Amino acid sequence: MPAMTSPDGPAHGRPAYPSFESPRSCPPALVAAWDRAKGRVRDEIGEALHDSWIANLEIEGAGQGVAKLTAPTGFIAEWVDRYYAESLLRALRAELPNLQRVDLRAAPRGAAPEASEAPAPRREASRPAQAAPAVRDALASATAARREAEPAPAPAPRPAEARTAATTDPGESPSIPLDPRFTFDRFVVGKPNELAHAAARRVAEGGDVTFNPLFLYSASGLGKTHLMHAMAWRLAESRPEAKVVLLTAEQFMYRFIQALRSKDMIGFKQIFRSVDVLMIDDVQFIAGKDSTQEEFFHTFNALVDQGKQVVISGDRNPVDMEHLEERIRSRLQWGLVVDLHPTDYELRLGILQSKLDLLQASHPEVVIQPRVLEFLAHRISSNVRVLEGALTRLTAFASLVGRPVDLDMAQECLADILRAADRKVTVEEIQRKVAAHYNVRLTDLLSPRRARVVARPRQVAMWLAKTLTSKSLPDIGRRFGGRDHTTVIHACKTIEKLKETDSQMAEDLELLRRMLEG
Ligand SMILES: Nc1ncnc2c1ncn2[C@@H]1O[C@H](COP(=O)(O)OP(=O)(O)OP(=O)(O)O)[C@@H](O)[C@H]1O
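- Going by the annotation in an unreviewed UniProt entry, the name recorded for the chain is Chromosomal replication initiator protein DnaA, with Albimonas pacifica given as the source organism.
- For the record of the chain, the UniProt heading Sequence similarities (unreviewed entry) holds the text "Belongs to the DnaA family."

In structure tokens form, the structure reads like this:
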């Protein structure tokens, strides 16, 4: 098991970062450094593995050459220690140059962040964390078996590696690499997504342009990007001569800015206006970005006028994209607008089964009892990405322990994911917590009062509602004493700015977020 220790031996002098005791007082600068370190680990190991193992680790403090991290469960602490210790140390040392060691422990079970934190027994990096009983037993026998049979199991596919494998046009094209996992074959169809799937297939099979543009929308993690990639893969077969460009709206914007900087707008227009199929993912990103919107509008019109296919995805119906220019909004509705509905139980179970079958093709040792899949399909209903993350973790666990994963093990192993899935933050809860935190009355928070002592907490609460719930801006406005959505936008912008410039505000927001998310 890798010990999280610097190869350079102990450093001398004071650490170049603040030390502190509890997560509550974790300075925003350290939290930001930790976020950047996690970003580095994500680049190294890929998004899926990062989301399964690293994303939920929290930094508690740093000082004396040691960074203290907590994992939501003992199993995660054990796994991270075994497989990602060196990556973590490397990534953190880029932020904290004097760092010698990472100290990882399991967070105390069931401890809410706002409760006073009695420090849990700290583990040495080289000793296993305290796992819950079913997991601990399984790990104990696995550890014994592993002594005889290193190397360790291969946990899950690494999308970051896979992604480099294929691209529609690696030359001049601005297209992003296509993800080999995102094909029609691997897209499970059920009632909630059958229309979107059928429309995507129709466009990708070639032939006459029927829906132009095709606009796909849904909440996060329901398969829009998967469908866009699947279309690009299929178009490469059905119309190999066609120039297909798929990129995110953010990448479109960066290309546009680059072209402006290098004074090469002609080159930019030539590239984007000569494509046969243009696919833009996450179009909501350019809403409110005036010149990018403008350029997007012209590109869009030029292509549609030439009879070229345009496919766009977004997080909501174009009608509801408040910051998108009116003329763009209405043009986006000219073709077919189709949404992917939230998944139902059958679809979730189908997706889990299909992903597990795929994994078992390369890892036949992975056995997960069918009841476990049913349990997951029941409990995790919001986002397929979260469901996949749970399965990735379970398959890693199954391949480590070498025996079928049953319900007990699954529940312990996924305790944090299940807790988060159960937890739905409400606007009312946010209002109550914010009022208590700033010591103002709830009725004042919802009243027309504009005095700063009330107005600022109100803005904080609006920002939290926008960040932590899926409520629309008008809905949030209504819940704050019938305010207009422009007031909510103004509040969010103000708090975003303060978050960058006012460390007390950044700390308040972080604390409130932790309290609310549990
Ligand atoms: N019907 C499905 N069949 C198989 N996999 C699916 C399905 N729906 C979603 N997924 C998987 O869920 C994960 C998230 O999907 P995807 O990235 O396409 O979501 P999205 O709607 O684009 O999310 P976001 O809005 O956050 O970008 C992907 O790994 C994808 O393969």
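Right, picking up where we left off after that structure.
**Re the overall build of the chain**
Phase 1 of the analysis: When you go through the chain residue by residue, the secondary structure sums to 23 helices and eight strands.
Phase 2 of the analysis: Burial statistics for the chain: of 518 residues in total, 38% are counted as buried.
Phase 3 of the analysis: Summarising the internal contacts of the chain: among those between residues at least 6 apart in sequence, 75% fall at separations of at least 24.

**Observations concerning the sheet that holds strand β2 (residues 66-71)**
Phase 1 of the analysis: Pairing is mixed across the open sheet formed by three strands, whose spatial order is β1-β2-β3. A single partner strand is all that each edge strand has here, and the edge strands are β1 (58-63) and β3 (101-106). Each strand axis lies, on average, 20° off the axis of its neighbour in the sheet, ignoring direction.
Phase 2 of the analysis: As defined by bridge partners, β1 adjoins β2 across five bridges and the pair is classed as antiparallel. By the bridge assignment, Ile59 is partnered in β2 with Leu69.

**Structural notes on the site of the ligand**
Phase 1 of the analysis: Residues in contact with the ligand amount to 19 residues; listed here are only the nearest, Ser220, Gly223, Thr225, His226 and Val384.
Phase 2 of the analysis: If you list the elements that add at least two residues to the shell around the ligand, you get α8 (224-238) and α15 (384-401).
Phase 3 of the analysis: Residues that form the shell around the ligand fall into these classes: six nonpolar, seven polar and six charged.
Phase 4 of the analysis: Two domains share the shell around the ligand, each providing at least three of its residues, namely domain 2 (161-339) and domain 3 (345-422).

**A word on the sheet that holds strand β8 (residues 336-339)**
Phase 1 of the analysis: One open sheet accounts for five strands, arranged β5-β6-β7-β4-β8; its pairing is parallel. Every other strand in the sheet has two partners, leaving β5 (244-248) and β8 as the edge strands with one partner each. Taking each pair of neighbouring strands and ignoring which way they run, the sheet shows an average axis angle of 15°.
Phase 2 of the analysis: Pairing of strand β6 (residues 277-281) with strand β7 (residues 309-314), which is carried by four bridges, proceeds in the parallel orientation. If you follow Met279 over to β7, its bridge partner there is Val311.
Phase 3 of the analysis: Docked against the sheet, α8 engages β4 (214-217), β5, β6 and β7, running at close to 160° with respect to β6.

**Considering the packing of helix α13 (residues 345-362) against helix α14 (residues 370-379)**
Phase 1 of the analysis: For the pair α13 and α14, the least separation of the axes is 9 Å and the interaxial angle reads 135°. By the criterion of interaxial angle, the relationship of α13 to α14 is oblique. The interaxial crossing formed by α13 with α14 has right-handed handedness. For the pair α13 and α14, the contacting residues are Tyr345, Arg348, Leu349, Leu352, Gln353 and Leu356 in the first and Leu373, Glu374, Leu376, Ala377 and His378 in the second.
Phase 2 of the analysis: For the contact of α13 with α14, the residue count by class is seven nonpolar, two polar and two charged.

**So, the nonpolar core**
Phase 1 of the analysis: Within the largest apolar cluster, 111 residues are counted, with the highest numbers of intra-cluster contacts made by Val80, Met231 and Met279.
Phase 2 of the analysis: For this core, the leading source of residues is α15, giving ten residues.
Phase 3 of the analysis: Apart from residues lying up to four places away in sequence, Met231 is in contact with Ala200, Val203, Ala204, Met279 and Val311.
Phase 4 of the analysis: Of all hydrophobic cores here, the second largest spans 19 residues; its members include Trp463, Leu464, Ala465 and Ala491.

**Quick look at helix α9 (residues 249-261)**
Phase 1 of the analysis: Here α9 contains 13 residues, and its C-alpha end-to-end distance of 18 Å stays within 8% of the 18 Å for a straight helix at 1.5 Å per residue.
Phase 2 of the analysis: Along α9, the positions that sit buried rather than exposed are Ala249, Phe252 and Phe256. The arc that holds every buried residue of α9, seen down its axis, measures 55°, which confines them to one face. Facing away from the buried side of α9, by more than 90 degrees, are the exposed residues Gln258 and Arg261.
Phase 3 of the analysis: Elements that come into contact with the buried residues of α9 comprise β5, α10 (265-273), β6 and α11 (290-305).
Phase 4 of the analysis: Lys263 occupies a position one or two residues after α9 and carries a positive phi of about 50°.

**A word on the pairing of β2**
Phase 1 of the analysis: With six of six residues buried, β2 lies mostly within the body of the structure.
Phase 2 of the analysis: The alternating pattern of β2 places Val66, Lys68 and Thr70 on one face and Ala67, Leu69 and Ala71 on the opposite face, and all of these are buried.

**Considerations on the packing of helix α20 (residues 452-468) against helix α22 (residues 485-501)**
Phase 1 of the analysis: Following both chains from N to C, one finds α20 and α22 inclined at 95°, their axes separated by 8 Å at the closest point. One element, α20, and the other, α22, form an angle in the roughly perpendicular class. Every residue of α22 that contacts α20 at Gln459, Val460, Met462, Trp463 and Lys466 is listed here: Val488, Ala491, Cys492, Thr494 and Ile495.
Phase 2 of the analysis: Residues that form the contact of α20 with α22 fall into these classes: seven nonpolar, two polar and one charged.

**Remarks on the UniProt feature "binding site: ATP" (unreviewed entry) in the chain**
Phase 1 of the analysis: The positions that UniProt labels "binding site: ATP" (unreviewed entry) are, in the present scheme, Gly221, Gly223, Lys224 and Thr225.
Phase 2 of the analysis: Mapped onto the elements of the fold, Gly221 is located in the loop between β4 and α8.
Phase 3 of the analysis: Setting aside its immediate chain neighbours within four residues, Gly221 contacts Asn383, Val384, Arg385 and Val386.
Phase 4 of the analysis: When you line up the elements, Thr225 lands in helix α8.
Phase 5 of the analysis: With near-sequence residues (within four places) excluded, Thr225 lies in contact with Phe182 and Asp281.

**Quick look at the environment of Leu446**
Phase 1 of the analysis: Within the element layout of this structure, Leu446 appears in helix α19 (residues 442-446).
Phase 2 of the analysis: On a C-alpha basis, the gap between Leu446 and Phe480 in space is 5.0 Å, while along the polypeptide they are 34 residues apart.

**Notes on the environment of Ala94**
Phase 1 of the analysis: You can see Ala94 is positioned in the loop between α4 (85-93) and β3.
Phase 2 of the analysis: You can call Ala94 exposed: it has 12 C-beta atoms within 10 Å.
Phase 3 of the analysis: As for Ala94 and Arg40, which are separated by 54 residues in sequence, their C-alpha atoms are 9.4 Å apart.
Phase 4 of the analysis: Leaving out residues up to four positions away in the same chain, Ala94 has contacts with Ala37 and Arg40.

The rules behind these values
Residues numbered from 1 in each chain as written. Predicted model: local features only at pLDDT ≥ 70, side-chain atom pairs only at ≥ 80, totals over all residues. UniProt positions renumbered as here; feature names shortened; annotations may be inferred. Helix = DSSP H or I, 4+ residues; strand = E, 2+ residues; numbered from the N terminus. Buried ≥ 20, exposed ≤ 12 C-beta atoms within 10 Å, placed from the backbone. Contact = placed C-beta atoms within 7 Å. Pairing = 2+ DSSP bridges. Axes fitted to C-alpha atoms, helices over the stretch in contact; angles between N-to-C directions. Near = placed C-beta within 6 Å. Nonpolar A, V, L, I, M, F, W, Y, C, P; charged D, E, K, R; others polar. Domains from an automatic or database assignment. Parallel < 35°, antiparallel > 145°, perpendicular 65-115°, else oblique. Left-handed = near helix turned anticlockwise from the far one by under 90°. Core = buried A, V, L, I, M, F, W, Y, C linked by C-beta atoms within 7 Å. Expected span 1.5 Å × (residues − 1). Arc of directions from axis to C-beta.

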